[in-house]
Amino acid sequence: QKEVEQDPGPLSVPEGAIVSLNCTYSNSAFQYFMWYRQYSRKGPELLMYTYSSGNKEDGRFTAQVDKSSKYISLFIRDSQPSDSATYLCAFTGGFKTIFGAGTRLFVKA
Amino acid sequence: GAVVSQHPSWVICKSGTSVKIECRSLDFQATTMFWYRQFPKQSLMLMATSNEGSKATYEQGVEKDKFLINHASLTLSTLTVTSAHPEDSSFYICSPKQGTYNEQFFGPGTRLTVL
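In what follows, the accompanying structure is described.

The rules behind these values
Residues numbered from 1 in each chain as written. Chains lettered and ligands numbered in written order. Predicted model: local features only at pLDDT ≥ 70, side-chain atom pairs only at ≥ 80, totals over all residues. Heavy atoms only, no water. Pairing = 2+ DSSP bridges. Helix = DSSP H or I, 4+ residues; strand = E, 2+ residues; numbered from the N terminus. Axes fitted to C-alpha atoms, helices over the stretch in contact; angles between N-to-C directions. Contact = heavy atoms within 4.5 Å. Buried < 20%, exposed > 50% of the residue type's maximum accessible area, 1.4 Å probe, protein only. Buried area = accessible area lost by both parts, 1.4 Å probe. Salt bridge = Lys/Arg side-chain N within 4 Å of Asp/Glu carboxyl O. Disulfide = S-S within 2.5 Å. Phe/Tyr/Trp six-rings, centres within 6.5 Å; stacked < 30°, edge-to-face > 60°.

A look at the sheet that holds strand 1 (residues 4–7) of chain B
All names here are of chain B. Within the open sheet, the 4 strands sit side by side as 1-3-8-7. Their pairing is antiparallel. A single partner strand is all that each edge strand has here, and the edge strands are strand 1 and strand 7 (67–70). Between one strand axis and the next, the sheet turns through 15 degrees on average, direction left out of account. Examined bridge by bridge, strand 3 (residues 19–25) and strand 8 (residues 76–81) share 6 bridges and lie antiparallel to one another. Looking across to strand 8, one finds that cysteine 23 is bridged to serine 77.

Side note on the environment of glutamate 45 of chain A
Residue and element names in this part refer to chain A. Along the chain, glutamate 45 falls in strand 5 (residues 45–50). Each C-alpha atom of the pair glutamate 45 and leucine 88 lies 9.6 Å from the other, and the pair is 43 residues apart in sequence. If we ignore the near neighbours within four places in the chain, the residues touching glutamate 45 are Trp35, Tyr36, Arg37 and Tyr39.

Observations concerning the pairing of strand 3 of chain B
Residues and elements named next belong to chain B. Every second residue of strand 3 is oriented toward a common face, the buried set being Val19, Ile21, Cys23 and Ser25 and the non-buried set Lys20, Glu22 and Arg24. Pairing analysis gives 4 bridges linking strand 1 to strand 3, with the strands arranged antiparallel. By the bridge assignment for strand 3, histidine 7 is matched with glutamate 22.

Details of the sheet that holds strand 6 (residues 54–58) of chain A
Residues and elements named next belong to chain A. Spatial strand order, 1-3-8-7-6: 5 strands in an open sheet with antiparallel pairing. Two strands bound the open sheet, and with one partner strand each, they are strand 1 (4–6) and strand 6. In this sheet, adjacent strand axes meet at a mean angle of 15 degrees when their direction is disregarded. The pairing of strand 7 (residues 61–66) with strand 8 (residues 71–76) spans 6 bridges and is classified as antiparallel.

Some thoughts on the interface of chain B and chain A
Listed per partner, the contact involves 22 residues of chain B and 20 residues of chain A. Overall, the association of chain B and chain A removes approximately 1600 Å² of surface from exposure, summing both partners, and the carbon and sulfur fraction of that is 56%. Broken down residue by residue, the surface that chain B buries against chain A is led by Ser43, Asn102 and Phe106 of chain B, which jointly contribute 29%. One can count 1 salt bridge joining chain B with chain A.

Concerning the state of the cysteines
In a disulfide, the sulfur atoms of two cysteines are held together by a covalent bond. All names here are of chain A. Applying the stated rule across the entire model yields 2 disulfides over all chains. Here cysteine 23 connects covalently by a disulfide to cysteine 89, the sulfurs 2.0 Å from one another. Its S-S torsion of about -95 degrees marks the bond between cysteine 23 and cysteine 89 as left-handed, since a negative value means left-handed. A residue pair is termed long-range when its members are at least 10 positions apart, and cysteine 23 in strand 3 (residues 19–25) and cysteine 89 in strand 9 (residues 85–92) qualify at 66 residues. For the pair cysteine 23 and cysteine 89, one class covers both residues: buried.

Considering unusual backbone geometry
For the bond running from glycine 9 of chain A to proline 10 of chain A, omega is 10 degrees, close enough to zero to count as cis. With respect to the helices and strands, the residue proline 10 of chain A is situated in the loop between strand 1 and strand 2 (11–14). With an omega dihedral of 0 degrees, the bond running from histidine 7 of chain B to proline 8 of chain B counts as a cis peptide bond. On the secondary structure map, proline 8 of chain B appears in the loop between strand 1 and strand 2 (10–13).

Some words on the environment of aspartate 65 of chain B
All names here are of chain B. One can find aspartate 65 in the loop between strand 6 (57–58) and strand 7. On the accessibility criterion, aspartate 65 (61% relative accessible area) is exposed. For aspartate 65 and threonine 82, which are 17 residues apart along the polypeptide, the C-alpha to C-alpha distance reads 7.8 Å.

Here's the deal with the packing of aromatic side chains
Scanning the entire structure with this criterion turns up 15 aromatic pairs over all chains. Plain terms: the ring middles of tyrosine 32 of chain A and tyrosine 49 of chain A are 6.1 Å apart, the flat faces sit at 5 degrees to each other, and that makes the pair stacked. In this pair, tyrosine 32 of chain A sits in strand 4 (residues 32–38) while tyrosine 49 of chain A sits in strand 5, placing the two residues 17 residues apart along the sequence. Its relative accessible area of 24% is what places tyrosine 32 of chain A among the partly exposed residues. An aromatic cluster of three or more residues is present, and its members are Tyr36 and Phe99 of chain A together with Phe34, Tyr36 and Phe106 of chain B.

Here it is in structure tokens:
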């Protein structure tokens, strides 16, 4: 079983749709959960960071963590063409960070 | 978020030459530096980890004599690709980390093309 599972997509949605991106993990030692956005040929940009189960909201983005199910989600409301990018989930329980493979998202105008 | 710069952003070199990539953390002190490589449409692959003033620790399968990492100060780390070959063509990204903080920030990346 992989430590982190993330559907690579691609995921294509119309502008204005609610997007749901998900990752599962197997390592109970992970205590910190992050979502990154990566545009083509750019470095990843930290979007959301959380360490507790529940929801964390920042503008159009909501990060959700369910530690009991080892499942995290990122919701994007009112998606825009500028949200088209690859989204990576990331986990850490100490020193190293483990990244998901990334989900490619396309938001069509 | 933290401000991280990488230079150059894009480089083309001939096979057999060496290329140095600089990574600077502009507004915080990076006690740890991670270097990643990313091939097209693939995820990040950790190459090595370095702590300021110490030798880097390389991941399995990464040649330490080929990818020289120097982390001489808390704001600067360099990755030198020695005797580059076309298979070394990739996107190289640095990621500084401060102390015990868990957030990890990334540089904008350097695209290396070896002819």
